[in-house]
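Each chain, written out:
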Amino acid sequence: MALMRIGILGTGHVGQALASAWARAGHDVVIGSRRPDDPELLAKLKELTATGLRVDSCAGAAAHAEVLVNATPGTASVALLHTIGARALAGRIILDVGVGFLADGSLSHPDVSLGEEIQQAFPETRVVKTLCTIDRKVMIAPDSLEGPGTVFLSGEDAEAKKAVGGLVADLGWSDDSLLDLGGIVTARGQEHFALLFTGIARATGTYEFGIRVVLPTSGGSGLDH
């Protein structure tokens with residue numbers, strides 16, 4: 001996979017973890033924030049910036065990026081992207097990790113997905129949904145699991161999914177761990193898994209787990225049954 005210019009929108013745990021991992025893999029990573037000069041933010045990101053990562057505005061990160069990663073809270077993602085603007089995002093790949101939660105723990109988009117909302121709002125961007133079914137620590141350390149896991153891809157653009165798949169592989173995921181679900185509408189399943197994810201975490205006492213699609217040994221009887 002060729003090295004790429006990556007912009008990360010979101011300075012929380014997920015954004016920091018992905019930025020650090022892709023920078024270690026050799027990619028040119030810029031972190032985008034609405035307050036890039038805030039001393040408190042810069043103090044929080046001190047370990048990352050000490051390694052050479054740059055903090056810029058959200059628009060600056062988008063201008064830098066071949067792949068722009070949405071790691072912002074799903075309830076705010078579309079509005080934030082609107083501040084960057086459709087023209088600036090045209091042609092870009094948006095790797096969308098976000099999931100929107102309301103205060104009561106329910107999803108803010110129960111009938112669709114954030115991935116679809118972004119694609120509809122910015123039709124000239126190429127949205128790929130992935131990595132939202134696993135914890136931030138597992139995202140960048142798949143070998144921490146006892147066995148192989150599955151990471152899903154949803155999106156309309158085959159070349160965009162290929163590029164995103166390469167970036168996921170650079171996090172340590174093997175090619176056979178990636179499962180292309182189809183178009184962006186399939187992002188609903190990825191995001192709605194968040195409710196089951198929360199239940200599994202409570203039952204097991206940890207967020208650090210994966211899921212694996214296991215097929216029948218005989219190859220199965222197909223979908224028409």
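For clarity, every value in this text was computed on a predicted model and none was experimentally measured.

Chemist: Would you explain the packing of helix α5 (residues 77-84) against helix α7 (residues 114-121) in this entry?
Modeler: Axis angle and axis distance: for two packed helices, these are the angle between their axes and the distance between the axes, and together they describe the pair. With their axes 10 Å apart at the nearest point, α5 and α7 run at an angle of 25 degrees to one another. Relative to α7, α5 is oriented roughly parallel. For the crossing formed where α5 meets α7, the hand is right-handed. On α7, the residues touching S77, V78, L81 and H82 of α5 are L114, E117, I118 and A121. A breakdown of the residues in the contact of α5 with α7 according to their chemical character gives five nonpolar, two polar and one charged.

Chemist: Explain α5 to me, please; I cannot follow it from the model alone.
Modeler: One turn of the α-helix equals 3.6 residues, which is why residues spaced by three or four share an orientation. For α5, the full list of buried residues reads S77, L80, L81 and I84. The arc that holds every buried residue of α5, seen down its axis, measures 100 degrees, which confines them to one face. Facing away from the buried side of α5 by more than 90 degrees, the exposed set consists of A79 and T83. In the stretch just after α5, G85 is the one whose phi turns positive, near 105 degrees.

Chemist: When you look at the sheet that holds strand β2 (residues 28-33) in this model, what are you seeing that I'm missing?
Modeler: Sheet strands line up and pair through hydrogen bonds in the backbone, either parallel or antiparallel. Spatially, eight strands are ordered β3-β2-β1-β4-β5-β6-β7-β8 in an open sheet, and the strand pairing comes out mixed. Edge strands, defined here as strands with exactly one partner in the open sheet, are β3 (54-57) and β8 (178-182). Here the strands of the sheet are splayed against their neighbours by 30 degrees on average, with no regard to which way each runs. Across four bridges, β2 lies against β3 in parallel orientation. Its bridge partner being in β3, S33 is matched across the sheet by S57. In the packing of α7 onto the sheet, contacts are made with β4 (67-70), β5 (93-96) and β6 (126-129), and the angle to β6 comes to roughly 175 degrees.

Calculation criteria
Along each chain, numbering runs from 1 in the same order as the chain's sequence is written. Local features in this predicted model are restricted to residues whose pLDDT is 70 or higher, and side-chain atom pairs enter the listing and the counts only when it is 80 or higher, whereas totals over whole chains, interfaces and linings include all residues. Computation of side-chain values covers all heavy atoms of the structure but excludes hydrogens and water. Angles here are taken between N-to-C directions and fall from 0 to 180 degrees, while the axes themselves are lines fitted to C-alpha atoms, restricted in helices to the stretch in contact. Here a strand is any run of E in DSSP of at least two residues, a helix any run of H or I of at least four, and the numbering for each starts at the N terminus. These descriptions rest on fixed angle ranges, namely under 35 degrees for roughly parallel, over 145 for roughly antiparallel, 65 to 115 for roughly perpendicular, and the rest for oblique. Crossings are classed by handedness, with left-handed meaning an anticlockwise turn of the near helix from the far one by less than a right angle and right-handed meaning a clockwise turn. Contacts are residue-level and defined by heavy atoms, with any inter-residue pair within 4.5 Å sufficient. Under this grouping Gly is polar, as are all residues other than the nonpolar Ala, Val, Leu, Ile, Met, Phe, Trp, Tyr, Cys and Pro and the charged Asp, Glu, Lys and Arg. For every residue, the accessible area obtained with a 1.4 Å probe (protein chains only) is divided by the maximum for its type, and the residue is called buried under 20%, exposed over 50%, and partly exposed between those limits. What the arc measures is the spread of directions leading from the helix axis to the C-beta atoms. For two strands to be treated as a pair, DSSP must find at least two bridges joining them.

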